[in-house]
Amino acid sequence: MKRKLTAGGLPPSRFKRLPYYKVNLVFVTIMLLVFSSARAQVAETKAGQKPDSVIEIPKSPAAVPILFGEQAKSRSLQSVATVYTNQLTTTPSPQFLQALPGRIPGLNITFSSGGPGLDGNGMSFNIRGARAQIILIDGVERGYQSIDPEQIESISVLKDALSTVMLGQRSSYGIISIRTKKGDVGKPRISFTAQSGFETPTAVPKPLPAWQYATLYNEARQNDAGTTPVIPQYTQAQIDAYQNHTDPYSYPDVNWYTTVLKNRAGVHRYNLNIQGSGKGFRYFVDLDNIKEKGIIKTSDDNKYNTNAQLDRYALRSNVGVDVTPVTFVQLNLFGRFQRYNQPGGGVSGIFSSLLNTPQLAYPVFNPDGTLGGSDKYQGNTNIWGQAVARGYQFQDVRDIAVDLEVTQKLDVFTRGLVLKAKASNNNTVYYTTTRSKNFEVYQYLNNGYTKYGSTTEQTTAGAANDRYRMVYLEGSLGYDRTFKKHAISILTVANQQNRLAFSSTNLPEKYTAYSGKLNYCFNEKYTGEGAVSYGGYNWLEPSKRWATYWAGGIGWNLHKETFINHNLPFISNLKLRATYGLTGQANAGYFTYIQTYFNANGYWFGSGSSLDKASGENAIANTGLVPEKAKKLDAGIDLGLWHNKLTITADYFFNKFYDLVAAPTMTTAIFGAGYPNKNYQRFNYWGTDISVTWQQSIKKFTWFASVNFSLVQSKVVYNAELPKNYDYQVTTGKPVGLQYGYTAVGLFKSYDEINDAATAVLPSSPKSSLRPGDIRYLDRNGDGQITIDDQGPIGNAKPTIYYGLHTGFSFKGFDLSLLVQGTFNRRSYFNGDFMNGFGNNGQNNAYEYNLGRFTAETAETAQQPRLWLGNNTNNTQTSSFWLKNNDFVRLKNVELGYTFPEKLSRKIGLPSIRFFANGLNLLTWAEIFDMRKDLDPEAWGSAYPVMKIVNFGINIKF
């Protein structure tokens, strides 16, 4: 039986005291010493032994990872999709979730930003459309999203009720389950990988040069005035000065993106791991360092780093010991130290300023070398100053995890009986050190300088952000036995997770579950499985704290039937399976069933002027809150043809979520206190997950191609809505998350069209304020004006579709893998000054995109409104005008490698040497590029750009 456990290890304490260049030197030295020492101890690999395969050929393992262990694939009924190590290590990213888009059907991962950052930076994910919250590492919830992929054996996505129900009050939404590598029986096997690369933005906004900005500014000002001529803000002589750069201090034209950002930034990684066994024990030890630099430029004048940068050191030691022939102990240690550095004012502020600052706002430097500014852009606003003159700050994160599992075989009572006990202690500490400062700027005008702001000394602030401790306890009793044609597996589990946040005065959050399952298979043909859990959550009201959940499934291995294997021998595998169950999810605030109070403002009373204080109620307590629930149906087929050269897995699911917690909609301010959340929403999700794989070897040429496809639809079954005047305003029956607003029917082309008596407009935007080029809205109810009653669904009611293609080959030492990711029916809302230009009272930026604005000459073809300065009530309404098709296809990941022939590498004493190059987000095709090409389909505006990474490395095994 394969033993299963979790993570652990401590980062050396000196890492937090040494400068980073010394830490890197120490790290590399340690790896080389271990590498050399181990090499001297390892005997030669047996003649003819081949190195590990570098091409990931999708396999059909005999057992699949599930909660609390693994299960024979022939008896598995659960909907679980799994990827393995080789698919993860091809992705040059600090976070392993970056490797998953396009690989696993049913899992949808989105990115709202890129660049260096801590766990979960710019990422979110859902499973089969519904929100997902849980990441398990070796069965324990930890939430690490940036561990070394070399430490990972497999990542599984658990999608149906039967696969998650034993988690009790955390079983309603899908689960990402990670298994780390454990030691294997055999002589020590060492792997050393060194890789280095660079990353560049997939897209950055393209602001207008100063002269075009000034020209369009004058146009926008005249547009706002209508037919009444106004004096231009910029004269033609000034526009010429901006264009010809005759006076760059008085008439600056600064491309801030190229001034402040580098074209590329470095990414470096070193990994050393060793696994094997000795007498009575097995081990896997992994040491990893990654450094991801940001694209913000720095100054040599600083003695400290002002760039965005992530440095991470991680150590894992998984050791299993056969204490006796029937007693096995697994000890896992994991330690991780991360430091995220950024400029003193933060990265987000810089990218916001880059987006909003016109190129003519101020020069970078004045003639005397001082930082440029103006009365509108005062101290701390010069973007170059924000990058290099605001000091720096960094956040340290330290993680320590210790897992201990004891497995006791009880064959003395009956063969196949196993008792396990497991304990895990996880600690995470966040600490922020702030060394920021302020800087002054000067406006250069008429050979004189005006100062704005002031320069200050660096602060010496530092504070603990938070500390989390999570303790997990688990005990289980399992029985697995085969009697002739009968195979039976029974498992009972009791577990508790206790999470405490030290920064608050809250009591710990506790999840408890008592669960069990029974799997029975007859003659390897007919399988049935049932599972039940009794879960508790301590923040719920005591009588609502516990609930029972259950799931069941049946399966039929048709390929075992005589009428199949005799008549259709090309069918290697054919299984029909179906599961159904009730799952739950605790979603309650901190003891919200208990009424709490606050101290209100008091008043002074009496000759002694004493302060009498009042008190008030916080939100009204809700003693009736219960866990959220979901009834889930999954029906699937697993098909393998021609000795599993072709494999197909398809699932249909229908999930009914109910008792979902949400804020009440029927409220009144007269009540005088906050309303509690209630269980009232009901949402349905249904769809299909499909994966198709072909794999084949022709002599020395091995190749495979795997396609996966996911379709998700949803419906609001009940949403406790206020009465609506019109059916089209009702959300019930519509897709979950469908956007509502006004329907745009084009742009006004003339004043005659605006002033037509039949034209309906917003009361807040009377016809006198409208101009040709403003957005016209549909009068849905035909009452002659545009009001809230004209708002309706404007989003896409079509199903969400996402897909991936993974293919590759290996031939005479060469290997290639390629991953493509894509979407269908995806729409995004693009609004704000980034689209309109000249926001913030005309002070914000404008972009090349705005050159396509409405004018008298383009009235018949323009796809953009007219230009305006500052606010525009009519054009900035939530409407279909700003909702755009945003499907995309990415060449997500490519890796090309070459492994030297063994007879050559052995001449220098190494069984395996492999050189490789890989990339992430290398090419993108997106519908949104038809509108504008200076944005990424997943992240735009003031977000840190999604990064394209090109990486080179070497892997040595011996």
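For clarity, every value in this text was computed on a predicted model and none was experimentally measured. (Residues numbered from 1 in each chain as written. Predicted model: local features only at pLDDT ≥ 70, side-chain atom pairs only at ≥ 80, totals over all residues. Heavy atoms only, no water.)

**Remarks on the overall build of the protein**
From N to C terminus, the protein includes 13 helices and 42 strands. Relative to its length of 958 residues, the protein is compact, with a C-alpha radius of gyration of 31 Å against a globular reference of 30 Å. Dimensions of the protein, computed from C-alpha atoms along their principal axes, come out at roughly 95 × 80 × 70 Å. By the burial criterion, 53% of the 958 residues in the protein qualify as buried. (Helix = DSSP H or I, 4+ residues; strand = E, 2+ residues; numbered from the N terminus. Rg over C-alpha atoms; globule rule 2.2 N^0.38 Å. Buried < 20%, exposed > 50% of the residue type's maximum accessible area, 1.4 Å probe, protein only.)

**Things to note about helix 7 (residues 347-356)**
The set of residues buried in helix 7 consists of Val-347, Ile-350, Phe-351, Ser-353, Leu-354 and Leu-355. Those residues of helix 7 hidden inside the fold are in contact with helix 6 (256-260), strand 15 (327-343), helix 8 (383-388) and helix 11 (833-836). (Contact = heavy atoms within 4.5 Å.)

**Regarding the nonpolar core**
Within the largest apolar cluster, 57 residues are counted, with the highest numbers of intra-cluster contacts made by Trp-256, Val-260, Leu-261, Ile-296 and Leu-354. Elements that contribute at least two residues to this core include exactly helix 6, helix 7, helix 8, strand 34 (775-777) and helix 11. With sequence-adjacent residues up to four places away left out, Ile-296 is seen in contact with Val-260, Leu-261, Lys-262, Asn-307, Ala-308, Pro-343, Val-347, Ile-350 and Ala-387. In terms of nonpolar packing, the next biggest core, distinct from the first, is built from 27 residues, Ile-104, Ile-109, Phe-125 and Ala-401 among them. (Core = buried A, V, L, I, M, F, W, Y, C linked by side-chain atoms within 4.5 Å.)

**Overview of the sheet that holds strand 9 (residues 152-158)**
Here five strands make up an open sheet; going across it, the order is 3-9-10-7-8 and the pairing mixed. Both outer strands of the open sheet, strand 3 (80-84) and strand 8 (140-141), are each paired with one neighbouring strand and no more. In this structure, strand 3 lies alongside strand 9, joined through five bridges in antiparallel fashion. By the bridge assignment, Ala-81 is partnered in strand 9 with Val-157. (Pairing = 2+ DSSP bridges.)

**What about the pattern of salt bridges?**
For the structure on display, the rule yields 40 salt bridges. A salt bridge links Asp-148 to Arg-269, with the shortest nitrogen-to-oxygen separation between them at 3.4 Å. With a gap of 121 residues between them, Asp-148 in the loop between strand 8 and strand 9 and Arg-269 in strand 12 (residues 265-278) connect regions that are remote in the sequence. Assessed through its relative accessible area of 1%, Asp-148 is described here as buried. Residue Arg-269 is classed as buried on the basis of its relative accessible area of 6%. For Arg-269, the salt bridge goes to Asp-288, with nearest N and O atoms at 3.3 Å. Within this pair, whereas Arg-269 is found in strand 12, its partner Asp-288 is found in strand 13 (residues 281-293), the two being separated by 19 residues in sequence. Of the two residues, Arg-269 and Asp-288, both sit in the buried class. (Salt bridge = Lys/Arg side-chain N within 4 Å of Asp/Glu carboxyl O.)

**Section: the packing of aromatic side chains**
All chains considered together, the criterion is met by 43 aromatic pairs. Summarising the aromatic geometry, the rings of Tyr-534 and Trp-546 are spaced 4.9 Å apart at their centres and angled 20° between planes, so their arrangement reads as stacked. Residue Tyr-534 is located in strand 23 (residues 526-537), and its partner Trp-546 is located in strand 24 (residues 546-557); the two are separated by twelve residues in the primary sequence. The exposure class of Tyr-534 is partly exposed, given its relative accessible area of 40%. Looking at Trp-546, the relative accessible area reads 33%, which means it is partly exposed. Clustering of aromatic rings is evident, with ring pairs tying together Tyr-213, Tyr-217, Tyr-234, Tyr-242, Tyr-251 and Phe-838. Here the guanidinium or amino end of Arg-780 rests over the ring plane of Tyr-728, the centre of that ring lying 4.9 Å away. Looking at Arg-932, its charged tip hangs above the ring of Phe-834, at a distance of 4.0 Å from the centre. (Phe/Tyr/Trp six-rings, centres within 6.5 Å; stacked < 30°, edge-to-face > 60°. Lys NZ or Arg CZ within 6 Å of the ring centre and 35° of its normal.)

**Observations regarding the side chain of Asn-719**
In this fold, Asn-719 is placed in the loop between strand 31 (701-718) and strand 32 (740-741). In this structure the side chain of Asn-719 is engaged in a polar contact, spanning 2.8 Å, whose partner is the side chain of Gln-681. Other than its neighbours up to four places away in sequence, Asn-719 contacts Thr-665, Tyr-680, Gln-681, Thr-731 and Thr-732. (Polar contact = N/O pair within 3.5 Å; in protein donor to acceptor, adjacent residues only side chain to side chain.)

**A word on the environment of Tyr-84**
Looking at the element boundaries, Tyr-84 is found in strand 3. Residues Tyr-84 and Glu-153, spaced 69 residues apart in sequence, show a C-alpha to C-alpha distance of 5.9 Å.

**Things to note about empty space enclosed by the protein**
What the rule picks out here adds up to 14 cavities of 30 Å³ or more. By volume, the largest cavity amounts to about 200 Å³. Every residue lining the largest cavity is counted, 22 residues in all, and those nearest its centre are Ser-93, Gln-98, Gly-114, Gly-115 and Glu-292. Elements represented by at least two residues in the lining of the largest cavity include exactly strand 41 (912-926) and strand 42 (947-957). (1 Å grid on protein atoms, 1.4 Å probe; cavity = no way out; pocket = protein on both sides within 12 Å on 5 of 7 lines; lining within 4 Å. Points joined across faces, edges and corners; volume = space filled by probe spheres on them.)

**Section: the pairing of strand 23**
As judged from the twelve bridges shared by strand 22 (residues 509-522) and strand 23, these two strands associate in the antiparallel manner. Opposite Ser-515, over in strand 23, you have Ser-533 as the bridge partner. In this antiparallel pair of consecutive strands, strand 22 and strand 23, the connection spans three residues, and Asn-523 shows a positive phi of 60°.

**Comments concerning helix 4 (residues 210-225)**
For helix 4, with 16 residues, the first-to-last C-alpha span of 23 Å sits near the 22 Å given by 1.5 Å per residue. Listing the buried residues of helix 4 in full gives Ala-210, Gln-212, Tyr-213, Ala-214, Leu-216, Tyr-217, Asn-218, Ala-220 and Asn-223. Buried residues in helix 4 make contact with helix 5 (236-244) and helix 12 (839-842). (Expected span 1.5 Å × (residues − 1).)

**Some remarks on unusual backbone geometry**
The phi angle at Asn-523 is positive, at roughly 60°, despite the residue not being glycine. With respect to the secondary-structure elements, Asn-523 resides in the loop between strand 22 and strand 23. Judged by its relative accessible area of 26%, Asn-523 is partly exposed. Although it is not a glycine, Lys-812 adopts a positive phi angle of roughly 50°. Secondary-structure assignment places Lys-812 in the loop between strand 36 (800-811) and strand 37 (814-824).

**Re a nonpolar patch on the surface**
Together, Val-532, Trp-550, Tyr-580, Leu-633 and Tyr-652 make up an exposed nonpolar region whose accessible area comes to about 440 Å². In this fold, Trp-550 is placed in strand 24. Given the relative accessible area of 39%, Trp-550 is considered partly exposed. (Patch = residues over 30% accessible without salt bridge, like charges linked within 9 Å, V, L, I, M, F, W, Y side chains within 5 Å. Areas by Shrake-Rupley, 256 points an atom, 1.4 Å probe, with all protein chains shown as cover.)

**Quick notes on the pairing of strand 41**
Two strands pair when backbone bridges link them, and strand 40 (residues 888-899) and strand 41 are joined in this way by eleven bridges, in the antiparallel orientation. When the bridges of strand 41 are listed, Phe-888 appears paired with Ala-926.

**Quick word on the side chain of Thr-647**
Inspection of the secondary structure puts Thr-647 in strand 29 (residues 646-662). By relative accessible area, Thr-647 is classed as buried at 19%. Residues in contact with Thr-647, not counting those within four places in the same chain, are Leu-639, Gly-640, Ser-691, Val-692 and Thr-693.

**A few points about the sheet that holds strand 6 (residues 130-131)**
With respect to topology, three strands assemble into an open sheet ordered 4-5-6, the strand pairing being antiparallel. Each having just a single partner strand, strand 4 (107-111) and strand 6 make up the two edges of the open sheet. Here strand 5 (residues 123-127) runs beside strand 6; their pairing, made up of two bridges, is antiparallel. Within strand 6, the position partnered with Asn-126 by the bridge is Arg-131.

**What about the confidence of the model for the protein?**
Summing up the model confidence of the protein, the mean pLDDT is 90 and the portion of residues at 70 or higher is 92%. Between residues 1-59, whose pLDDT stays under 50, and residues either more than four places distant or in other chains, the model counts 149 contacts. (pLDDT = per-residue confidence, 0-100.)

**Considering the packing of helix 4 against helix 5**
Two numbers describe how helix 4 lies on helix 5: the axes approach to 7 Å, and their chain directions differ by 155°. Accordingly, the angle class assigned to the pair helix 4 and helix 5 is roughly antiparallel. Contact residues: Ala-210, Trp-211, Ala-214, Thr-215 and Asn-218 in helix 4; Ile-239, Tyr-242 and Gln-243 in helix 5. (Axes fitted to C-alpha atoms, helices over the stretch in contact; angles between N-to-C directions. Parallel < 35°, antiparallel > 145°, perpendicular 65-115°, else oblique.)

**Remarks on the environment of Asn-495**
Note on placement: Asn-495 falls in strand 21 (residues 486-501). With 190 residues separating them in the primary sequence, Asn-495 and Asn-305 have C-alpha atoms 45 Å apart. Look past the residues within four positions of Asn-495 in its chain and what remains in contact with it is Phe-68, Tyr-472, Leu-473, Glu-474, Tyr-511, Thr-512 and Ala-513.

**Here's the deal with the environment of Ala-662**
Take Ala-662: it is sitting in strand 29. Look at Ala-662 and you get buried, because its relative accessible area is 12%.

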